Amino acid sequence: MDIFAKCRTDGGYFGMLRAAGDDFFVRPVLDPKPGRVMDYQGKSVVQWSINNYLGLAENEELRAVAVETARAYGPGAPMGSRMMTGSTPRHLALEKKFAAYMGKESAILFNYGYLGVLGTIQALCEPSDTILIDKLAHASMVDAMFMSRAQFRIWKHNDMNSLEGHLKRANRDRKGGVLIVAEGVYGMTGDVAPAADICLLKDKYDARLFMDDAHGFGVVGPTGRGTGELYGCQDKIDVYLGTFAKAFAAIGGVAGGPKEVVEWVRFNARTQVFAKSLPIIYVEVLSRALDFVADDHWRRERMWAVNRRLKDGLRELGYTVGDVPSPVTPVFVHMKDIRIAMAIIKAMREEGIFITGVMYPVVPKDIVLFRMIPTASHTDEDVVRTIAAYKKVRDDLNLDLEAVKTALDKGKAEVGKSEDSAEE
Ligand SMILES: Cc1ncc(COP(=O)(O)O)c(C=O)c1O
């Protein structure tokens, strides 16, 4: 059989989406300039789908830093991997700066958050070890798990009984170390891992915790330092990972932990050892961005204010909005079939409001989740316009907003909570 035969079918992961590919619902084509308002198919729309939590995507100073650095060093500097010729004093300084921000002894930069997750877990785990992974953990953690070739067990999403059961079973026939792997803020649904409880369990059962806080980094907690800060256990998270693609509005990732662990990762993470180093443009941009993230508390306050207004307005209209301690605002709507989700998205975009829908397996099959990301740059007027559009769509499409409640209750038994790889 021809290895390319599968490319001529509609199958494969995301096959259905590929078949429906129309540059509108799937892979919508947007102008690249990110912000609260964006150009979309010749029209200006209020954008609620980019993870520009603190509004740094529009920050003129960061743009100027990027331009000046590109002018000074060119777009590709430094050349080579960190191991060979790609390490600079600025990379080292930035790692120190991030380690201090994360409350960790040491830190290592990666070119993408994805590569940070992949490289760190692969470097730390080998076939004799066991990874215990939350059922809804991001694809990067799943891929890392396979890359490491460690044993693995899947625990029910955010369920401490399930995690404890797996810890007990993993310890029963333990041959190596045990690594618990979870997100901090779950980026699709906005719910947050019970980090303090996970830390108690990992200590009780002599395991370690890797937390990917892509959506919490710079965002949640009293000073925005993430899920560990939110639950007062940042010092207990053994390896904490943040990405720069969200609150920092740039590219890259960073993993922080004990010095010996970070040193080990530095020399064993394949995605770092065998890849070109993070471009100096981003190193300079991130150094400045970190000042904004750490010091400008008004950005987070503004983001939360937008978040509250949006949530309150949508709830008043009868929409079901997830009650989560993160700014990710999940709006759940029941759908008899996918055409309802498509009609809502289309109608909202016609009203100049850009939203995207998330479907199964993140939510049950008969639910669509509109994942709204309020940012520090949205205006009160943006919120008012958006709520008005949701109202119009509710009335024009005659949406049954009550039906989702039963569907969600039923669905809890199906998604996230359901699959548990446990065997007694
Ligand atoms: C939880 C989580 N981890 C990792 C990543 C990958 O991060 P990056 O886009 O920086 O590669 C993402 C991005 O979607 C994410 O949501």
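This structure is a prediction, so every number in the text was calculated from the model and none was measured.

The rules we used
- Residues numbered from 1 in each chain as written.
- Predicted model: local features only at pLDDT ≥ 70, side-chain atom pairs only at ≥ 80, totals over all residues.
- Helix = DSSP H or I, 4+ residues; strand = E, 2+ residues; numbered from the N terminus.
- Rg over C-alpha atoms; globule rule 2.2 N^0.38 Å.
- Buried ≥ 20, exposed ≤ 12 C-beta atoms within 10 Å, placed from the backbone.
- Pairing = 2+ DSSP bridges.
- Contact = placed C-beta atoms within 7 Å.
- Axes fitted to C-alpha atoms, helices over the stretch in contact; angles between N-to-C directions.
- Domains from an automatic or database assignment.
- Core = buried A, V, L, I, M, F, W, Y, C linked by C-beta atoms within 7 Å.
- Near = placed C-beta within 6 Å.
- Nonpolar A, V, L, I, M, F, W, Y, C, P; charged D, E, K, R; others polar.
- Right-handed = clockwise from strand over helix to strand, strands pointing away.
- Expected span 1.5 Å × (residues − 1).
- Arc of directions from axis to C-beta.
- Parallel < 35°, antiparallel > 145°, perpendicular 65-115°, else oblique.
- Left-handed = near helix turned anticlockwise from the far one by under 90°.

Participant: Which residues make up the overall build of the protein, and what are the values?
Facilitator: Each helix and strand in the protein was counted, giving 15 helices and 14 strands. Taken against the 2.2 N^0.38 rule, which gives 22 Å for 424 residues, the C-alpha radius of gyration of the protein at 22 Å falls within 12% of a compact globule. Dimensions of the protein, computed from C-alpha atoms along their principal axes, come out at roughly 60 × 60 × 55 Å. Burial analysis of the protein (424 residues in total) assigns 47% to the buried set.

Participant: Tell me about the sheet that holds strand β14 (residues 367-372), and name the residues and values.
Facilitator: What the four strands build is an open sheet, ordered β10-β11-β14-β13; its pairing is antiparallel. Each end of this open sheet is capped by a strand with a single partner; those strands are β10 (320-321) and β13 (357-358). Inspection of the sheet shows β10 paired to strand β11 (residues 329-334) by two bridges, in the antiparallel sense. Each residue of the ladder has a partner; that of valine 321, found in β11, is valine 331. Sheet strands touched by helix α12 (residues 297-316): β10, β11 and β14. Its angle to β11, the strand with the most contacts, is close to 15°.

Participant: An account of the domain arrangement of the protein is needed here, citing residue identities and associated values.
Facilitator: Each domain of the protein was delimited in the assignment, giving domain 1 (31-54 + 297-412) and domain 2 (60-295). Distance from the C-alpha centre of domain 1 to the C-alpha centre of domain 2: 28 Å. Listed by partner, the interface residues are 17 residues for domain 1 and 18 residues for domain 2. If you list the elements that add at least two residues to the side of domain 1 that touches domain 2, you get β11 and β14.

Participant: Help me get a handle on the nonpolar core, residues and values and all.
Facilitator: Core analysis: the biggest nonpolar cluster contains 115 residues, and Ile121, Leu132 and Val181 have the highest contact counts within it. The biggest single contributor to this core is helix α11 (residues 280-295), with eight residues. Formed jointly, this core draws a minimum of three residues from each of two domains, domain 1 (31-54 + 297-412) and domain 2 (60-295). If near-sequence neighbours (up to four positions away) are discounted, isoleucine 121 is found in contact with Met141, Ala144, Met145, Ser148, Val181 and Phe210.

Participant: Residues and numbers for the site of the ligand, please.
Facilitator: Close to the ligand lie 13 residues, the nearest being Tyr112, Gly113, Tyr114, Ala214 and Thr243. Tallying contributions element by element places helix α4 (residues 113-124) first for the shell around the ligand, with three residues. Taken together, the residues of the shell around the ligand break down into five nonpolar, six polar and two charged.

Participant: Can you explain the pairing of strand β5 (residues 151-155)? Please cite residues and give values.
Facilitator: A large share of β5 lies buried, amounting to four of its five residues. The parallel pair strand β4 (residues 130-134) and β5 is bridged by helix α5 (residues 139-148), and the resulting crossover is right-handed.

Participant: Quick rundown of the sheet that holds strand β1 (residues 37-40)? Include the residues and the values.
Facilitator: Taken in spatial order, the three strands make up an open sheet running β1-β2-β12, and their pairing is mixed. Edge strands, defined here as strands with exactly one partner in the open sheet, are β1 and β12 (353-354).

Participant: Please set out helix α13 (residues 338-350) residue by residue, giving values where relevant.
Facilitator: Here α13 contains 13 residues, and its C-alpha end-to-end distance of 18 Å stays within 8% of the 18 Å for a straight helix at 1.5 Å per residue. Residues of α13 that are buried: Ile344, Ile345, Met348 and Arg349. Mapping the buried residues of α13 onto a view down its axis gives an arc of 125°, with all of them on the same face. Buried residues in α13 make contact with β2 (43-47), β11, β12, β13 and α14 (380-396). Where α13 terminates, the next one or two residues include glycine 352, which has phi positive at roughly 85°.

Participant: Summarise α14; cite the residues concerned and give the values.
Facilitator: The end-to-end C-alpha distance of α14 is 24 Å, a good match for the 24 Å that 17 residues give at a rise of 1.5 Å each. Those residues of α14 that fall on the buried side of the exposure criterion are Asp382, Val383, Thr386, Tyr390 and Val393. Relative to the axis of α14, the buried residues are bounded by an arc of 95° and lie together on one face. When the buried face of α14 is taken as reference, the exposed residues oriented beyond 90 degrees from it are Asp380, Glu381, Val384, Asp395 and Asp396. Summarising the contacts, the buried residues of α14 are in contact with β2, α12, α13 and β12. One or two positions beyond α14, positive phi appears at asparagine 398, with a value near 55°.

Participant: Help me get a handle on the packing of α4 against helix α9 (residues 259-268), residues and values and all.
Facilitator: Contact pair α4 / α9: the axes reach a minimum separation of 9 Å and the direction vectors enclose 105°. With respect to their mutual orientation, α4 and α9 come out roughly perpendicular. Across the interface between the two elements, Gly119, Thr120, Ala123 and Leu124 of α4 pack against Trp264, Val265 and Asn268 of α9.

Participant: Could you give an account of the packing of α4 against α5, with specific residues and numbers?
Facilitator: Relative orientation of the contacting elements α4 and α5 amounts to 35°, with a least axis distance of 8 Å. Crossing geometry of α4 relative to α5 is assigned as right-handed. Here Tyr114, Val117, Leu118, Ile121 and Gln122 of α4 lie close against α5, whose contacting residues are Ser140, Met141, Asp143, Ala144, Met145, Met147 and Ser148. Class assignment of the residues belonging to the contact of α4 with α5 gives a composition of eight nonpolar, three polar and one charged.

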